[in-house]
Amino acid sequence: MLKSDLINILVAKRGVTQKQAEATIETIFESMKDALCRGENIEIRGLGAFHVKNYQGYQGRNPKTGQVIPVKPKRGLLFRTGKELRDRVNRPAPQQAQTDLPPLPESKGPGNTGTGL
């Protein structure tokens, strides 16, 4: 799903204009980005949580030369799904009825014994 898909859904379901939908989605995403850049965590009930993780600096090595290289401390971003979303994603898909389709005709051409194997 793309940002434009979210905008189109907002237009269709809420009856707002394209510009209003774009501004709304952009405001939400910019607010989330700003909060994460400040080191804040974001929790959206039913969806999941974004966590900012701080990594310590360490001494790495260049695999070709073996030279010691200092790696600076950095921050990473983690997303953990909420239980509701995880359960929904892992729910088995509904089975479609096989009776909707007509049976396939069996071909009796060369090399086909009709056994289906």
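Up top is the structure these notes are about.
Residues numbered from 1 in each chain as written. Predicted model: local features only at pLDDT ≥ 70, side-chain atom pairs only at ≥ 80, totals over all residues. Heavy atoms only, no water.

K.L.:
Give a description of the overall build of the chain that names residues and reports values.
P.N.:
Broken down by element type, the chain carries three helices and five strands. Starting at the N terminus, the α and β elements of the chain follow one another as α-α-β-β-β-β-β-α. Residues classed as buried in the chain amount to 11% of the 117 residues present. By sequence separation, contacts in the chain at least 24 residues apart represent 32% of the contacts at least 6 residues apart. Carbon together with sulfur atoms contributes 56% to the accessible area of the chain, which is approximately 10,500 Å² in total. (Helix = DSSP H or I, 4+ residues; strand = E, 2+ residues; numbered from the N terminus. Buried < 20%, exposed > 50% of the residue type's maximum accessible area, 1.4 Å probe, protein only. Contact = heavy atoms within 4.5 Å. Areas by Shrake-Rupley, 256 points an atom, 1.4 Å probe, with all protein chains shown as cover.)

K.L.:
Before we move on, can you summarise the nonpolar core with the specific residues and values?
P.N.:
Counting residues in hydrophobic clusters, the biggest one holds six residues: Met32, Ala35, Leu36, Ile42, Phe50 and Val52. For this core, the element with the most residues is helix 2 (residues 18-37), which contributes three residues. No fewer than three residues from each of domain 1 (1-38) and domain 2 (39-89) sit in this core. In contact with Leu36, other than residues within four places in its own chain, are Ile42, Phe50, Val52, Arg75 and Leu77. (Core = buried A, V, L, I, M, F, W, Y, C linked by side-chain atoms within 4.5 Å. Domains from an automatic or database assignment.)

K.L.:
I'd love a proper account of the sheet that holds strand 2 (residues 48-55), names of residues and values included.
P.N.:
The three strands lie next to each other as 1-2-5, forming an open sheet whose pairing is antiparallel. Taken across any chain shown, the strands that pair with only one partner, and hence form the sheet edges, are strand 1 (42-44) and strand 5 (74-81). With strand direction ignored, the average angle separating the axes of adjacent strands in the sheet is 20°. Where strand 1 lies against strand 2, three bridges are found, and the strand directions are antiparallel. What sits directly across from Ile44, in strand 2, is Gly48. On top of the sheet, helix 2 reaches strand 1, strand 2 and strand 5; it is set at about 140° to strand 1, its chief contact. (Pairing = 2+ DSSP bridges. Axes fitted to C-alpha atoms, helices over the stretch in contact; angles between N-to-C directions.)

K.L.:
Which residues make up the pairing of strand 2, and what values go with them?
P.N.:
In textbook terms, the turn of a hairpin is the stretch between consecutive antiparallel strands, and for strand 1 and strand 2 this stretch comprises three residues, one of which, Gly46, has a positive phi near 85°. Summarising the sheet, strand 2 and strand 5 pair through eight bridges and their orientation is antiparallel. Along strand 5, the bridge assignment pairs Tyr55 with Lys74.

K.L.:
Which residues make up the environment of Gly48, and what are the values?
P.N.:
By the secondary structure assignment, Gly48 is in strand 2. Given a relative accessible area of 6%, Gly48 falls into the buried group. Non-local contacts of Gly48, meaning those with residues more than four positions away in its chain, are made with Ile42, Glu43, Phe79, Arg80, Thr81 and Gly82.

K.L.:
Got a sec to walk through helix 1 (residues 3-14)? Specific residues and values, please.
P.N.:
For helix 1, built from 12 residues, the straight-helix expectation of 16 Å at 1.5 Å per residue is met to within 8% by its first-to-last C-alpha distance of 16 Å. The first or second residue beyond helix 1 is Gly15, which carries a positive phi of 70°. (Expected span 1.5 Å × (residues − 1).)

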